[in-house]
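# Structural overview for review
Spelled out from the first residue to the last, the chains are:
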Amino acid sequence: MSYQPLASDDPEEQKTYGSLDSSSSRSSSSLLGESLRIEDPVVGSDNPFLDTETAEYWRQVYENCQYECRHAFNPKLEWSAREERELVRKLDWKVCLWACVMFFGLQVDRGNLSQAVSDNMLDDLGLDTNDYNYGHSIFLVSFLFAELPSQLVSKAVGPDRWIPMQMVLWSFVAISQCALTGRGSFLLTRSLLGFLEGGFIPDLVLWLSYFYTSRELPIRLSYFWTTLSVTGIITSLLAFALLHLRGVLGWEGWRWLFLVEGVITLCVGVASFFMMPASAVQTKTWFRPRGWFTEREEAIVVNRVLRDDPSKGDMHNRQALTPKRLWEALKDYDLWPLYAIGFCAYVPQSPPKNYLTLTLRSLGFSTFNTNILTIPAMSVQAGNVYASYIYRDDDKPLYRRGNTTLLVINLVAILVFLLTKIYYVWRNKQKERVWNALTEEQQIEYRKTTKLQGSRRLDFRFAH
C-alpha cells in the first residue's frame, strides 16, 4: 500500500516535463539550462514547476533550507525517454544493487539464530524454549524502541554515514555471539542486536528516495524481499557447511556460524562507507574522482525526483527532524490502517519460521538436513513481540494451540486488509468531492499556499 500525489487539473501543469523519445543530435552533455526540442513526446509525469510562481516558491524553499541539490534544480530541463531509461538502469546497478547487498548483511545476522539452535545451541547453553522466546521478545522490543531514534540520527547525520556505522557496530555484537556462555549473555546480545539493527530498513529507504521517484521505489523495495528469500537459501547452505565444524578448536558448530557470518556483515558494513554517496550530486570523492554521473545526469536525477515530489527538497540531507514535523507524522490518521496491517498481517509467518529448525530436530532430522529443509520455508515476515509467545514450551512439538491461534490471526489479518482497502477507496472519494467543488483558480491557489504535507493534502490520493 502506498500513496501518491494526484495529477494536476491545471492545463499548464499537465504539460509533460520532457520524458521524451528522440533522435535529436543534441549532445547528452548539454548545459543544464538548455531545453531539448524533441518531437514525438511520450507522456510522462506532470511538471509542477511549469508555473513560474510555483517554481519560484520552491526555489526559495530549497535555498532557505540549503538543499544539497538546489544548484541542479531546473524547471525547464527536458530529457528523452532513452536517457531516462539508461539513467534508471545505472541507478539500479550503482544504488539499488548495493542496497540489496546491505539488506543481505542485515538478514544474515538477523536470521541465523534459528540455524544455530538446530546445532543444539540451547542445550549447550543450558537454555529452553521459553528462554528462546524471551530472546526473541527482547530483540523485537529493542528493535522497536530503536526504530525512531535511529531514523532521527540518520536524518541528522545522513543515511550514507549512519547505515555503515550501524552495520559495523552490530556486526561486532554478532561476532561476539561465538563466545556466549549462558542465559545472561544470550539475552544481552539479543538486546544489543535489536537496538543496533532497529531503523535500518527505513534508513535505507530514505537513502533510496534521494534517487528514485515514488513510482519506482516500490519496485526497488520488492527487490529487498527477493533478497530476503535469496539470503535464506544462501545462509541455509552456509550453515550446512559451518555447522560441520563442530569440534574444530573445541568449538561447537553454532559458534563458527556466528563468527563467520558476523565477519561477512562486517565486510559489507566497511565497504558501505565507500559505496553510499550522500546524494546524486555528491558521488565524486577522493576514491571516486570521476563520480557516477555526468553533470547532465545529475540534473536529470535531481529534477525527476523533485517533479515527482517537490517536498523532497524542503530539507537538506544533514538536517534533523524537528519535534513539530515528527508530531505531524504521528497524528496522520490516514496512515493508521497501514499500522494495523503491520501489527497483525505478518504474525502467522513468524513462529513457524523461528521454530521450524527446533520442530524438525524434535522430529528426528539431523542438524544438517534440518538446515537444508528450511530453504523452501523462507518467507517475508515483519514479526512482532507477541508472535514470540504463540509457540510455547508446553505446546511442542506440534504446537496445536499455537497453530489454532495463528489461524485466527490470519482471519483477522484478512479482515484488516479488506477494511483498509475500503477505507482508502472511501477516503479518495471524499477528497475528490471536496477537490472538484473548488474552481480551477482555487485549486491553483491551494497548491501554492497550503501548509499541509504528504497524505494530508487535498490533492493527494492513496494508491491501493
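Residues numbered from 1 in each chain as written. Predicted model: local features only at pLDDT ≥ 70, side-chain atom pairs only at ≥ 80, totals over all residues. Heavy atoms only, no water.

### Here we look at the overall build of the protein chain
Applicable threshold: For helices the rule is a DSSP run of H or I covering at least 4 residues; for strands it is a run of E covering at least 2, with both sets numbered from the N terminus onward. Remark: exposure states derive from per-residue accessible area (1.4 Å probe, protein chains only) relative to the maximum for the residue type, with buried under 20%, exposed over 50%, and partly exposed in between. We call two residues in contact when some of their heavy atoms are within 4.5 Å. Note on areas: Shrake-Rupley, 1.4 Å probe, and residue coverage restricted to the protein chains presented here.
Of the regular secondary structure elements, the protein chain holds 17 helices and four strands. Relative to its full complement of 464 residues, the protein chain shows a buried share of 49%. For the protein chain, contacts bridging at least 24 residues in sequence account for 81% of all contacts bridging at least 6. Accessible surface computed for the protein chain: about 22100 Å², of which carbon and sulfur atoms make up 62%.

### Details of unusual backbone geometry
For glutamine 66, which is not glycine, the phi dihedral falls at a positive 60°. Along the chain, glutamine 66 falls in the loop between helix H1 (52-64) and strand S3 (79-80). The phi dihedral of asparagine 120 falls on the positive side, at around 65°, and the residue is not glycine. Assignment of secondary structure puts asparagine 120 in the loop between helix H3 (113-117) and helix H4 (121-125).

### A closer look at the environment of valine 88
Looking at the element boundaries, valine 88 is found in helix H2 (residues 81-111). You can call valine 88 buried: its relative accessible area is 11%. Counting along the chain gives 123 residues from valine 88 to phenylalanine 211, while the straight-line C-alpha distance between them is 9.0 Å.

### Examining the pattern of salt bridges
Stated formally: A side-chain nitrogen of Lys or Arg and a carboxyl oxygen of Asp or Glu constitute a salt bridge if their distance falls within 4 Å.
Counting across every chain of the model gives 13 salt bridges. Note that glutamate 56 and arginine 59 form a salt bridge whose closest N and O atoms lie 3.8 Å from each other. Of the two residues, glutamate 56 and arginine 59 both sit in helix H1, three residues apart, roughly one turn of that helix. With relative accessibility at 36%, the residue arginine 59 sits in the partly exposed group.

### Description of the packing of H2 against helix H10 (residues 253-275)
Our working rule: Between the N-to-C directions of two axes lies an angle of 0 to 180 degrees, each axis being a line fitted to C-alpha atoms and, for a helix, fitted only over the stretch in contact. Small angles under 35 degrees read as roughly parallel and large ones over 145 as roughly antiparallel, with 65 to 115 read as roughly perpendicular and the rest as oblique. Throughout, a crossing is termed right-handed when the near helix is turned clockwise from the far one, and left-handed when it is turned anticlockwise from it by less than a right angle. Amino acids are sorted into nonpolar (Ala, Val, Leu, Ile, Met, Phe, Trp, Tyr, Cys and Pro), charged (Asp, Glu, Lys and Arg) and polar (every other residue, Gly among them).
At their nearest, the axes of H2 and H10 sit 9 Å apart, and the two run at 150° to each other. With respect to each other, H2 and H10 are oriented roughly antiparallel. Taken as a pair, H2 and H10 cross one another with a handedness that is left-handed. Two secondary-structure elements touch here, H2 through Trp98, Val101, Met102, Phe104, Gly105, Val108 and Asp109 and H10 through Glu261, Gly262, Ile264, Thr265, Val268, Ala271, Ser272 and Met275. Counted by class, the contact of H2 with H10 contains nine nonpolar, four polar and two charged residues.

### Some points on the nonpolar core
Put simply, the rule reads: Among buried residues, those of type Ala, Val, Leu, Ile, Met, Phe, Trp, Tyr and Cys that are joined through side-chain atoms within 4.5 Å constitute a nonpolar core.
The biggest cluster of nonpolar side chains holds 39 residues, and the ones touching the most others in it are Met102, Phe200 and Trp207. Listed by contribution, the elements that provide at least two residues to this core are H2, helix H5 (129-157), helix H6 (159-176), helix H8 (200-209), helix H9 (217-242) and helix H11 (295-308). Those residues within four positions of tryptophan 207 in sequence are excluded, and the remaining contacts are Val95, Ala99, Met102, Pro159, Met275, Met276 and Pro277. The next biggest cluster of nonpolar side chains, apart from the first, holds 18 residues, and it includes Leu113, Ala116, Tyr132 and Cys178.

### Side note on the packing of H2 against H9
Between H2 and H9, whose axes approach to 9 Å, the crossing angle comes to 45°. In terms of their interaxial angle, H2 and H9 are classed as oblique. For H2 against H9, the interelement crossing comes out right-handed. In this structure, H2 uses Val88, Asp92, Cys96, Ala99, Cys100, Phe103, Phe104, Gln107 and Val108 to contact H9, whose residues at the interface are Arg220, Tyr223, Phe224, Trp225, Thr227, Leu228, Thr231, Ile234 and Thr235. Here the residues of the contact of H2 with H9 sort into 12 nonpolar, four polar and two charged.

### Some details on the environment of asparagine 112
Quick reminder of the rule: Counted as a polar contact is a pair of N or O atoms within 3.5 Å, where, for protein atoms, one must be capable of donating a hydrogen and the other of accepting one, and residues adjacent in sequence contribute only when both atoms are in side chains.
Within the secondary structure, asparagine 112 sits in the loop between H2 and H3. Considering only alpha carbons, one finds asparagine 112 and phenylalanine 258, 146 residues apart in sequence, at a separation of 7.6 Å. Apart from the residues within four sequence positions on either side, asparagine 112 is in contact with Leu257, Phe258 and Glu261. Side-chain polar atoms of asparagine 112 contact the side chain of glutamate 261, separated by 3.1 Å.

### Remarks on a nonpolar patch on the surface
How we decide: Grouping into patches uses exposed residues only, defined as over 30% relative accessible area, and leaves out salt-bridged ones; the cut-off is 9 Å for like charges and 5 Å for nonpolar side chains (Val, Leu, Ile, Met, Phe, Trp, Tyr).
Together, Met165, Leu169, Val270, Phe273, Phe274, Trp286 and Phe287 give the surface a local cluster of nonpolar side chains, amounting to about 690 Å² of exposed area. Looking at the nonpolar patch, the elements with two or more residues in it are H6 and H10. A total of three residues in the nonpolar patch trace back to one element, the largest contributor, which is H10. With respect to the secondary-structure elements, valine 270 resides in helix H10.

### With respect to the packing of aromatic side chains
Rule in force here: When two rings of Phe, Tyr or Trp (its six-membered ring) have centres within 6.5 Å they constitute a pair, described as stacked for plane angles under 30 degrees, edge-to-face for angles over 60, and tilted for the intermediate range.
By the definition in use, this model includes 16 aromatic pairs. Judged by centre distance (4.8 Å) and plane angle (85°), the rings of phenylalanine 49 and phenylalanine 73 are edge-to-face. Remark: phenylalanine 73 occurs in the loop between H1 and S3 and phenylalanine 49 occurs in the loop between strand S2 (19-20) and H1; sequence separation between them is 24 residues. Phenylalanine 73 carries the same exposure label as phenylalanine 49, and that label is buried. Among the aromatic residues, those joined into a cluster by ring pairs are Phe49, Tyr57, Trp58, Tyr62, Tyr67 and Phe73.

### Side note on the confidence of the model for the protein chain
Here is the rule: Values of pLDDT, ranging from 0 to 100, describe the predictor's confidence in every residue of the model.
Put simply, the protein chain has an average pLDDT of 78, and 77% of its residues get 70 or more. Predicted confidence is poor over residues 355-385, with pLDDT under 50, and the contacts of this stretch with residues over four places away or in other chains come to 71 contacts.

### Focus on the side chain of serine 118
Relative to the elements of secondary structure, serine 118 occurs in the loop between H3 and H4. According to the relative accessible area criterion, serine 118 is buried, its value standing at 0%. There is a polar contact of 2.5 Å between the side chain of serine 118 and the backbone oxygen of glutamine 115.

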